[in-house]
Amino acid sequence: MQTSTKALSGAVADIDDLHHEKLLKAIFNLSLWNFGPDVIDALLELIVSLAASNGKHVDSCLDMLVSNFTPPNKVLDMLKQPRGLEKKERVLPRVHAALKNISELVPMAASRLSSIVLEQMPWKSKRNVDQWSMKRQLIYVENMFKLESGAIREFVGANMLKDVMNVLRDLDVAIGWDDILHDDSSKGVFMIELEDENYADGDEDADELPSTLSEKSLSKNLTAELLDSLMVQTFEHLESSVSNKRLSEVFDTLLSSFKDTVLNTYKSKFTQFVMFYACALDPEHCGTEFASELIDMFVGGHNPLTRMSAVAYLASFLARGKFLPPAFVASYLGRLVDWCWQYCVMHDGDMNPKLHQVFYSGCQAMMYILCFRMRLMVEIPLLKSQLFCMPIDKIFKHKLDPLKVCLPSIVEEFLKQAKAARLFTSSKTFVFEDLLVSNLSRDFGGLERLDMFFPFDPCLLKNADRSFIRPNYVYWKYVRTTYHEDIDDDDEEDGSDGEVEGAAEFDDDMEEVIISRSYGDNDLEMDEFDYAMNKMSITPRNNSSAGLRMPSRIRPSMSPESL
Amino acid sequence: MEGLSVVQANLKVYVDPSQSKNLSSAIFRELSALLFKYNDAFHGVLLAYNVHAPENKGRILPGVHPFIAVRLEAKLLVFSPKPDMLLEGKVVKVTEESIHVIVLGFSSAIITDEAIRNEFKYKTKHGQGLYVNRSNRRHVIKAGTMIRFVVKSMNEETLHIYGSLMPANTGSVKILEKFSEHMNTESVTINSTPKKRRSKEKYEVTTQITEHGSIVKDAPSQNHYDREIKKSRRS
């Protein structure tokens with residue numbers, strides 16, 4: 001085999017695509033996974049020579065190489081075993097080297113490669129997920145990431161990332177809410193979080209948990225399992241991009257893909273966490289870029305639905321991103337408030353949910369952010385003064401009456417906290433009766449129900465959440481609100497190996513600088529640092545091993561997470 | 001290098017109405033989609049364009065799917081290699097059977113061993129294949145060398161060029177230009193010194209005689225020499 005292949009390599013210029021059609025077909029149908037390294041090398045030399053000798057063979061050669069991204073079933077089955085791993089190490093690096101060689105000899109081949117990779121994607125050909133298609137998809141995406149970070153990333157990298165995001169989104173959308181939601185419409189936006197001590201300890205039989213939304217119900221869903229695994233792969237790829245100092249380049253592509261395909265996909269539940277995690281890895285650059293893009297889209301966009309979606313993302317991001325410093329949140333909140341106030345000044349009309357839907361979505365975003373972050377902001381004097389200088393009361397007392405239109409559960413929680421912080425007290429009495437929605441909020445939310453769109457609600461994908469998202473995430477359960485009593489310092493938890501809220505301050509001019517505690521930094525000495533941090537921060541802890549002792553048990557009256 | 005030309009073109013670009021707010025970027029997007037592809041209208045591969053700023057005016061063509069038709073003038077850089085044209089490119093791979101070249105960074109060319117003149121002999125040095133000119137050991141073609149070759153044919157669909165190194169004026173660009181410089185220097189010297197000119201001219205005539213790509217080194221013919229002496233005596 002090796003000899004005949006090498007002989008063919010020397011005669012590629014004489015191979016005619018019509019007269020030698022059967023020979024070519026036999027060559028292109030070969031699976032490299034069935035051969036030893038010498039034969040693989042000879043075959044790949046033949047493939048590269050064929051592509052370089054005649055432009056007509058380029059597509060077929062690329063097809064053949066891409067088809068070898070996934071092994072035959074018998075090898076697929078043993079990929080996690082040493083034999084399978086050995087085969088993988090034997091084949092895949094060589095395939096990628098051959099792709100690189102072809103791109104060097106035939107520059108235009110790189111532009112063809114992206115479309116061929118997309119065409120051959122396993123997900124495209126088989127929509128119903130089973131164990132085989134899952135394994136195939138996983139190894140295929142692994143190869144796509146190799147292309148994204150490999151020698152020819154300049155030509156194909158961006159397309160690979162975008163295609164992966166599209167796959168994530170398609171799988172995400174394929175998981176229906178029926179699969180994971182036990183409908184309980186009597187419950188409000190803020191609920192007891194999924195994370196409970198018992199659940200965090202892995203006790204899946206914890207009865208204390210309200211099971212409105214449950215990771216358990218997703219566990220038997222193969223599509224969700226595939227999505228979970230792909231999300232983990234994506235997060236790992238982001239981490240390796242940090243090591244290779246390429247995260248900002250990768251993030252630019254992710255942001256572009258997010259704007260094109262995820263932002264306006266309201267059924268997307270988990271895909272957006274790719275952006276969340278990328279920002280967690282580099283809050284200063286990626287976090288800033290993401291938030292800036294969202295606020296710019298809201299303030300300067302043309303399409304109302306896109307603007308509403310952007311502000312919902314911004315609110316959810318600023319509320320849930322544990323890695324975002326309070327000053328950062330305050331600055332974007334300030335821009336949001338300014339826009340809302342300018343809108344009030346320019347519009348003298350009465351309440352009209354449909355006409356002023358963008359405005360109401362901005363107001364709801366403000367309230368949502370403050371529900372999560374108000375306590376933190378009022379505990380820092382500089383931010384408190386900034387907050388109190390914002391024209392929040394003027395906005396809420398305006399004729400447009402956002403408190404009546406926005407989601408009742410958010411309004412109620414905001415009013416409670418604002419009153420406790422003496423930030424704002426409404427002169428009217430609102431009786432919401434624990435309502436999640438009202439007719440007015442439905443009106444401003446429209447058909448897409450953007451009034452109930454909180455895109456960074458807890459991620460229900462087990463592996464993606466536990467290993468990657470959770471340490472960077474603010475759970476409502478652990479948020480200290482302004483109306484809760486302070487705890488004694490002695491009762492506070494120490495020795496956390498997890499996270500402390502209050503990420504790095506980007507601006508050195510801030511009076512009170514909260515020293516950063518980076519994710520994964522297990523060597524930090526806790527005692528003095530924790531004491532200082534706990535005095536001023538809301539501290540969602542995620543320390544399943546230490547046992548959680550929260551300063552106060554937050555039991556808001558409304559239960560399930562928002563949709 | 002031949003094959004490159006700048007053409008002035010009158011174009012009509014059809015833009016979707018949804019792009020009407022930013023006509024310029026829509027037009028640039030349409031034109032950019034044509035780059036590095038063979039276009040029958042231009043008879044070649046579009047490499048670059050320079051569009052005169054459109055007036056943001058266009059006629060709306062009615063129909064089931066109306067488009068905005070925008071007329072504009074553009075300068076286009078087109079690459080259209082034809083048979084027997086001389087092209088230059090960088091060698092990326094040398095094997096005993098072929099030399100692979102990249103032209104203008106995007107078009108791949110192949111010169112098979114049958115299209116390489118006998119003057120060049122294939123060798124391997126330090127594991128790398130190369131072709132060495134038997135007459136001039138310095139004339140080497142290896143990976144990284146810029147070479148000049150003649151176009152035999154081109155596949156318009158794949159932008160694949162088939163080349164030839166048979167003619168004498170093909171090979172390493174550096175060597176060919178050195179040789180050409182040398183020839184120019186000699187002809188300058190001939191112009192300034194009449195006596196010497198005669199002998200140099202004879203030398204030139206002798207060395208330029210070629211046959212099938214190989215230089216035939218003949219001694220100056222006696223008859224030719226005698227004729228020159230008689231001319232000088234008459235003057």
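Keep in mind that this is a model prediction, so the values were computed, not measured.

About the criteria used
- Residue positions are counted from 1 within each chain, in the order its sequence is given.
- Following the order in which they are written, the chains are lettered starting with A and the ligands numbered starting with 1.
- It should be noted that, the model being predicted, local features are given only for residues of pLDDT at least 70 and side-chain atom pairs only at 80 or more, the latter also being counted only at that level, while totals for whole chains, interfaces and linings use all residues.
- For the side-chain quantities, the full set of heavy atoms in the structure was used; hydrogens and water were omitted.
- Each helix is a run of H or I in the DSSP string that is no shorter than four residues. Each strand is a run of E no shorter than two, and both are numbered from the N terminus.
- Exposure categories follow from relative accessible area, calculated using a 1.4 Å probe and restricted to protein chains: below 20% of the type maximum is buried, above 50% is exposed, and the middle band is partly exposed.
- Exposure was quantified through the Shrake-Rupley algorithm and a 1.4 Å probe, taking into account, for residues, occlusion by the shown protein chains and nothing else.
- By definition, residues are in contact when any of their heavy atoms lie within 4.5 Å.
- Working convention: axes come from line fits to C-alpha atoms, limited for helices to the stretch in contact. Angles between N-to-C directions cover 0 to 180 degrees.
- Working rule for angles: under 35 degrees goes down as roughly parallel, over 145 as roughly antiparallel, 65 to 115 as roughly perpendicular, anything else as oblique.
- Each residue receives one of three labels: charged for Asp, Glu, Lys and Arg, nonpolar for Ala, Val, Leu, Ile, Met, Phe, Trp, Tyr, Cys and Pro, and polar for the others, Gly being one of them.
- For patches, a residue must show more than 30% relative accessible area and have no salt bridge; joins then use 9 Å for like charges and 5 Å for nonpolar side chains, namely Val, Leu, Ile, Met, Phe, Trp and Tyr.
- In what follows, salt bridge is the name for a side-chain nitrogen of Lys or Arg lying within 4 Å of a carboxyl oxygen of Asp or Glu.
- In short, DSSP must find at least two bridges between two strands for them to pair.
- By convention, the term buried area covers the 1.4 Å-probe accessible surface removed from two parts as they join, with the contributions of both added.
- Polar contact is the term for a pair of N or O atoms within 3.5 Å; when the atoms are in protein, one must be able to donate a hydrogen and the other to accept it, and sequence-neighboring residues count only if both atoms are side-chain atoms.
- Each helix should span, by expectation, one fewer than its residue count multiplied by 1.5 Å.
- Only the six-membered ring of Trp is used, alongside the rings of Phe and Tyr, when aromatic pairs are assigned; centres must lie within 6.5 Å, and planes under 30 degrees apart are stacked while those over 60 apart are edge-to-face, with the rest tilted.
- Domain boundaries shown here were taken from an automatic or database domain assignment.

## Comments concerning the overall build of chain A
Now for step 1: In terms of helices and strands, chain A carries 26 helices and zero strands.
Now for step 2: Scored against the burial criterion, the 563 residues of chain A give a buried share of 57%.
Now for step 3: As displayed, chain A has an accessible area near 23400 Å², and 48% of this comes from carbon and sulfur atoms.

## Comments concerning the overall build of chain B
Now for step 1: In terms of regular secondary structure, chain B is built from four helices and 16 strands.
Now for step 2: Counting only residues that meet the buried cut, chain B has 36% of its 235 residues in that class.
Now for step 3: Taking as baseline every contact in chain B between residues at least 6 positions apart, the subset at least 24 positions apart corresponds to 57%.
Now for step 4: Accessible area for chain B stands at about 14700 Å²; split by element, carbon and sulfur atoms hold 50% of it.

## Quick look at the packing of helix α16 (residues 283-300) of chain A against helix α18 (residues 326-346) of chain A
Residue and element names in this part refer to chain A.
Now for step 1: Packing of α16 against α18 leaves a shortest axis separation of 11 Å and a crossing angle of 5°. Classified by the angle their axes make, α16 and α18 are roughly parallel. In this structure, α16 contributes G287, T288, A291, S292, I295, D296, F298 and V299 to the contact, and α18 contributes F328, Y332, R335, L336 and W339.
Now for step 2: Each residue belonging to the contact of α16 with α18 can be placed in one class, and the counts come to eight nonpolar, three polar and two charged.

## Some details on a nonpolar patch on the surface
All names here are of chain B.
Now for step 1: Taken together, the side chains of M1, L4 and L104 define a hydrophobic patch exposed on the protein surface, amounting to about 240 Å² of accessible area.
Now for step 2: Relative to the assigned elements, L4 resides in strand β1 (residues 4-15).
Now for step 3: On the basis of relative accessible area, L4 is assigned to the partly exposed category, the value being 37%.

## Some points on the pairing of strand β13 (residues 160-164) of chain B
Residue and element names in this part refer to chain B.
Now for step 1: In terms of burial, β13 is largely enclosed, as four of its five residues are buried.
Now for step 2: Here strand β8 (residues 107-112) pairs with β13 via two bridges, running parallel. Within β13, the position partnered with A109 by the bridge is I161.
Now for step 3: Of the pairings in the sheet, the one linking strand β12 (residues 146-155) to β13 comprises five bridges and is antiparallel in character. Paired with M154 across the strands is I161, a residue of β13.
Now for step 4: Where β12 folds back on β13, the antiparallel hairpin that results is connected by four residues, among which L159 adopts a positive phi of roughly 55°.

## Examining the interface of chain B and chain A
Now for step 1: Across the boundary between the two partners, chain B contributes 16 residues, which contact 15 residues of chain A.
Now for step 2: Regarding the contact of chain B and chain A, the summed buried area is about 1200 Å², with carbon and sulfur atoms giving 61% of it.
Now for step 3: Viewed at the interface, chain A and chain B are joined by zero salt bridges.
Now for step 4: Across the chain B-chain A interface, the total number found is three residue pairs in polar contact (both at pLDDT 80 or more).
Now for step 5: Among the secondary structure elements, those contributing two or more residues to the side of chain B that touches chain A are β6 (86-94), β7 (98-103), β8 and β13 of chain B.
Now for step 6: Take the side of chain B that touches chain A: its biggest share by element is three residues, from β8 of chain B.
Now for step 7: Looking at the side of chain B that touches chain A residue by residue, the class counts come to seven nonpolar, seven polar and two charged.

## Observations regarding the packing of helix α15 (residues 273-281) of chain A against α16 of chain A
Residue and element names in this part refer to chain A.
Now for step 1: Viewed as axis vectors pointing N to C, α15 and α16 meet at an angle of 140°, and their least axial separation amounts to 6 Å. Classed by the angle they form, the pair α15 and α16 counts as oblique. Residues M275, A278, C279, A280 and L281 of α15 form the contact with α16, whose own contacting residues are P283, C286, G287 and F290.
Now for step 2: Within the contact of α15 with α16, the residues separate by chemical class into eight nonpolar, one polar and no charged.

## Concerning the sheet that holds strand β10 (residues 128-133) of chain B
Residues and elements named next belong to chain B.
Now for step 1: The strand order β9-β10-β11 describes an open sheet built from three strands, whose pairing is antiparallel. Only two strands of the sheet have a single neighbouring strand rather than two, namely β9 (120-125) and β11 (140-141).
Now for step 2: Bridge analysis of β10 against β11 gives two bridges, and the strand direction is antiparallel. Paired with V132 across the strands is V140, a residue of β11.

## Section: helix α13 (residues 222-243) of chain A
The α-helix winds at 3.6 residues per turn, so residues separated by three or four positions along the chain end up facing the same way.
Residue and element names in this part refer to chain A.
Now for step 1: End to end, α13 covers 32 Å across 22 residues, agreeing with the expected 32 Å (1.5 Å per residue, within 8%).
Now for step 2: You can read the cap of α13 off the contacts: a side-chain oxygen lies 2.9 Å from the backbone nitrogen of T223, and it is on N221.
Now for step 3: Among the residues trailing α13, K245 stands out with phi positive, at a value near 60°.

## Description of the packing of aromatic side chains
Note on aromatic pairs: each is described by the distance of the centres and the angle between the planes.
All names here are of chain A.
Now for step 1: One pass over the structure, following the stated rule, counts 37 aromatic pairs over all chains.
Now for step 2: Aromatic pair F328 and Y332: ring centres 4.9 Å apart, planes at 50°, arrangement tilted. Highlighted residues: F328 and Y332, both in helix α18, separated by four residues, approximately one helical turn.
Now for step 3: Exposure remark for F328: the relative accessible area of 6% places this residue in the buried category.
Now for step 4: Ring plane angle 10° and centroid distance 5.1 Å describe the contact between Y343 and F359, whose orientation is recorded as stacked. Of this pair, Y343 sits in helix α18 while F359 sits in helix α19 (residues 357-378), and the two are 16 residues apart along the sequence.
Now for step 5: F359 gets classed as buried once you look at its relative accessible area, which sits at 0%.
Now for step 6: One aromatic cluster is present, formed by F258, Y266, F273, F276, F290, Y313, F317, F323, F453, F456, Y473 and Y475 through successive ring pairs.

## Digging into the domain arrangement of chain B
All names here are of chain B.
Now for step 1: Entries for chain B in the domain assignment read domain 1 (4-79) and domain 2 (86-176).
Now for step 2: Between domain 1 and domain 2, the C-alpha centre-to-centre distance is 37 Å.
Now for step 3: Between domain 1 and domain 2, the residue contacts involve six residues of the former and nine residues of the latter.
Now for step 4: Of the roughly 620 Å² buried at the junction of domain 1 and domain 2 (both faces included), carbon and sulfur atoms supply 87%.
Now for step 5: It is F36, Y38 and F79 that lose the most area in domain 1 upon contact with domain 2, and together they represent 75% of the buried surface on that side.
Now for step 6: Inspection of the region where domain 1 meets domain 2 yields zero salt bridges.
Now for step 7: In terms of residue class, the side of domain 1 that touches domain 2 is built from six nonpolar, no polar and no charged.

## Considerations on unusual backbone geometry
Now for step 1: Phi at R449 of chain A takes a positive value of approximately 55°, unusual for a residue other than glycine.
Now for step 2: For R449 of chain A, the position within the fold is in the loop between α24 (439-445) and α25 (462-469).
Now for step 3: Positive phi outside glycine occurs at L159 of chain B, with the angle close to 55°.
Now for step 4: Assignment of secondary structure puts L159 of chain B in the loop between β12 and β13.
Now for step 5: Given the relative accessible area of 3%, L159 of chain B is considered buried.

## Some thoughts on the pattern of salt bridges
Residue and element names in this part refer to chain A.
Now for step 1: Taken as a whole, this structure holds 23 salt bridges over all chains when the rule is applied.
Now for step 2: Note that E379 is salt-bridged to R375, the shortest N-O span being 2.7 Å.
Now for step 3: A relative accessible area of 6% places R375 in the buried class.
Now for step 4: Two residues, E379 and R480, come together in a salt bridge whose shortest N-O distance is 3.7 Å. Of this pair, E379 sits in the loop between α19 and α20 (381-389) while R480 sits in the loop between α25 and α26 (527-536), and the two are 101 residues apart along the sequence.
Now for step 5: E379 gets classed as partly exposed once you look at its relative accessible area, which sits at 23%.
Now for step 6: Here R480 falls in the buried class, since its relative accessible area comes to 10%.

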